[in-house]
Amino acid sequence: MTLTLPLAVRLSTARGEAHITRRLRDLSWRITAPGGFASITMSLHEPIAGQPDWLAYYGRAYIYDQRTGAVLCEGRLEDPGRSAGPDGQVWDLVAVGPAAHARDRHVPLIYVDRSLERWIPRDGGSAHPKADRRADVDASDNPVLRFQPPTGTSWAQNRTGTMGYPHLRYAGLKLGAFNASGTCGANTTNWRWQQVTRTPAGVGTVARDVAFTAPSISTSQRVASLSFPAGDDWVEMRVLQQNASAQTPSDAIWCTFGDLYVMQVLVNESGTELYEPAFDYPDGYLTADQVIRDLLGRLLPQYDGPRATIAATSYQIRELAYPDGVDAATVLDDLMRLEPAYLWEALESNAAGKHRFNWRQWPTEVRYEADVGDAGYDAPGSADGLYNEVTVRWRDATGQTRTTRVTQSVPELTAAGLTRSPKPLDLGDEVGSSTEATQAGQQFLAEHRAPPNGGRLRLSRPVLDLMAGTRVAPWEVRPGYLIRVRGVLPRPDALNATTRDGVTVFKIASTEFRASDATATLELDTFAPSTARALATLLNRPLTRRR
């Protein structure tokens, strides 16, 4: 194939670069929302006896619009293959876009952890050998750590019963904030309710020390707010006997630690650790944009974090912990379950080689205008995706598997007298609370309230771009925006931005352009099902994600 379109392709490595447009046999690329630049595939005529300096693993591939100089897609080479046949000697190249960078590293992250099963007994130093401490629930069925020295035992001065949270230290993370509120049994000054943090070397700081004279205790501790020293990576809850005379506890000697959470020290999009008072750690929750900034500064150095566009969000995420490890792409997927109106994308790189990153809302205004006659349109037209209830599976703070049932009204199902629910929506072990389960269930059902009107639209001629105020070529159409497709039977659903007015509005979920026929294929409202995509999803799923 001779490339007749105003496109240009450049390959670059540390040893050299080349413009290969005239050598191309075929060229295509794919962009997705969420994700951004996803992949490039191309083949070119080049002798296979040697390997040019500009062709190597992890070299950069760039596709340009020759008319404007704009980068249409970009990626890093991962699969250079070669062959020889009747068509001559050919290199077949595959480049993955910067979206793949979100899966490069798999590390533990503990943004907000309320799990009690991850607290362990600490039996060193002054710990009493018969200390009774365990995860439990209080009279209102709230999860707590319960401490109750067994009756009939003798507790010398400064003997303790202790539970510690070790997972920040295991993960190489620092303590950013924690909280515990509690109740006590007897009214006595002999026994004390304490919170202690420790340095990596084990040096302890008593962050809270209250006698059993208060019926209830509430506190929230944050790094560098004089609660505990910056750099501590361990927190523990303990009960301590302080009287100089040995004490034999009665049944009334007990205390609980409830509303427990632990948060790691966050970093900003530049990788700088955040401490109070410059950064105010929220009381037991984070928002998606705060997590995004941490991901950029911690795991995504190939993205231009300081110049990233990060839209503010408001939903309070009260459980988000991955002590077994996670990659940034999985965290982003979990965030979009809770904030489905937002998407992320990694796009072209700057002069320093850093990719532009956006965390933004789906727009509510149409950007592109097209017609089914532009190239072709097909849609599955199935009502199989209609659901009026869903069961959400999650794990509570005590480690028990819980389910939350969420329902909605669907006129079509009500008229047919049907109740339809999919397989349970599994939040795994990382996003676990009744609040998160309800939020995820409601967002899932909102997208399955009406028959999907998605499909594939093929463009082979320019379409109107209302944002640019002009017509744009098929290869310039970007996903992550809305398109109005005239000539399609309107069927308003939860994804539509307009009411029934004789036109249909879609989200553009992905675009794929093929130079061989100069046609762009747009997937509308959702990614079309395919065996390749299902296999890719399975292969990218972390094995440690489920217990």
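Our structure's up above, just so we're on the same page.
Residues numbered from 1 in each chain as written. Predicted model: local features only at pLDDT ≥ 70, side-chain atom pairs only at ≥ 80, totals over all residues. Heavy atoms only, no water.

### Some thoughts on helix α2 (residues 288-298)
Moving on, step 1. With 8 of its 11 residues buried, α2 lies for the most part within the structure.
Moving on, step 2. A288, D289, Q290, V291, I292, D294, L295 and L296 are the residues of α2 that are buried.
Moving on, step 3. Close packing links the buried residues of α2 with β9 (107-112), β19 (255-264), β20 (309-310), β21 (320-326), α3 (328-338) and β23 (355-361). (Buried < 20%, exposed > 50% of the residue type's maximum accessible area, 1.4 Å probe, protein only. Helix = DSSP H or I, 4+ residues; strand = E, 2+ residues; numbered from the N terminus. Contact = heavy atoms within 4.5 Å.)

### Some thoughts on the environment of R105
Moving on, step 1. Looking at the element boundaries, R105 is found in the loop between β8 (88-96) and β9.
Moving on, step 2. Once the C-alpha coordinates of R105 and A328 are considered, the two residues, 223 residues apart in sequence, prove to be 7.5 Å apart.
Moving on, step 3. If sequence neighbours within four positions are ignored, R105 has contacts with R298, L299, V326, D327 and A328.
Moving on, step 4. In terms of polar contacts, R105 uses its side chain to reach the backbone carbonyl oxygen of R298, at 3.3 Å. (Polar contact = N/O pair within 3.5 Å; in protein donor to acceptor, adjacent residues only side chain to side chain.)

### Notes on the packing of α2 against α3
Moving on, step 1. Packing of α2 against α3 leaves a shortest axis separation of 11 Å and a crossing angle of 170°. Judged on the interaxial angle alone, α3 and α2 are roughly antiparallel. Residues A288, V291, I292 and L295 of α2 touch α3, and the partners they reach there are A328, V331, L332 and L335.
Moving on, step 2. Its residues assigned to classes, the contact of α2 with α3 comprises 8 nonpolar, no polar and no charged. (Axes fitted to C-alpha atoms, helices over the stretch in contact; angles between N-to-C directions. Parallel < 35°, antiparallel > 145°, perpendicular 65-115°, else oblique. Nonpolar A, V, L, I, M, F, W, Y, C, P; charged D, E, K, R; others polar.)

### Here we look at the nonpolar core
Looking at soluble globular proteins, one finds that nonpolar side chains tend to be buried together.
Moving on, step 1. Judged by nonpolar contacts, the single largest core of 52 residues is most densely connected at L109, Y111, L295, V331, L335, W344 and W359.
Moving on, step 2. Residue contributions to this core peak at 7 residues, all from α3.
Moving on, step 3. If near-sequence neighbours (up to four positions away) are discounted, W344 is found in contact with P34, G35, G36, A99, A102, Y303, L332, M336, F357, N358 and W359.
Moving on, step 4. L7, L11, I508 and F513 belong to the second largest nonpolar core, which has 48 residues in total. (Core = buried A, V, L, I, M, F, W, Y, C linked by side-chain atoms within 4.5 Å.)

### Observations concerning the sheet that holds strand β27 (residues 401-407)
Moving on, step 1. Pairing is mixed across the open sheet formed by 3 strands, whose spatial order is β27-β26-β28. The outermost strands of the open sheet, each flanked by one partner alone, are β27 and β28 (425-426).
Moving on, step 2. Bridge count between strand β26 (residues 389-395) and β27: 7 bridges; the pairing is antiparallel. Looking at β27, one finds that E389 is bridged to T407.
Moving on, step 3. Together, β26, β27 and β28 form the strand contacts of helix α5 (residues 434-446), whose direction differs from that of β27 by roughly 40°. (Pairing = 2+ DSSP bridges.)

### Thoughts on the pairing of strand β13 (residues 160-165)
Moving on, step 1. In terms of residue burial, β13 counts as a mostly covered element, since 6 of its 6 residues are buried.
Moving on, step 2. Burial along β13 is two-sided: T160, T162 and G164 facing one way and G161, M163 and Y165 facing the other are all buried.
Moving on, step 3. In this structure, strand β10 (residues 120-121) lies alongside β13, joined through 2 bridges in antiparallel fashion. Within the sheet, the bridge partner assigned to P121 lies in β13 and is M163.
Moving on, step 4. Relative to strand β18 (residues 234-241), β13 runs antiparallel, the two being bridged by 6 bridges. Each residue of the ladder has a partner; that of Y165, found in β18, is V235.

### Considerations on the side chain of R360
Moving on, step 1. Structurally, R360 can be placed in strand β23.
Moving on, step 2. Taking relative accessible area as the criterion, R360 reaches 12% and is therefore assigned buried.
Moving on, step 3. Only 3.0 Å separates the side chain of R360 from the backbone oxygen of G480, close enough to count as a polar contact.
Moving on, step 4. If sequence neighbours within four positions are ignored, R360 has contacts with A311, A341, Y342, L343, E345, P479, G480 and Y481.

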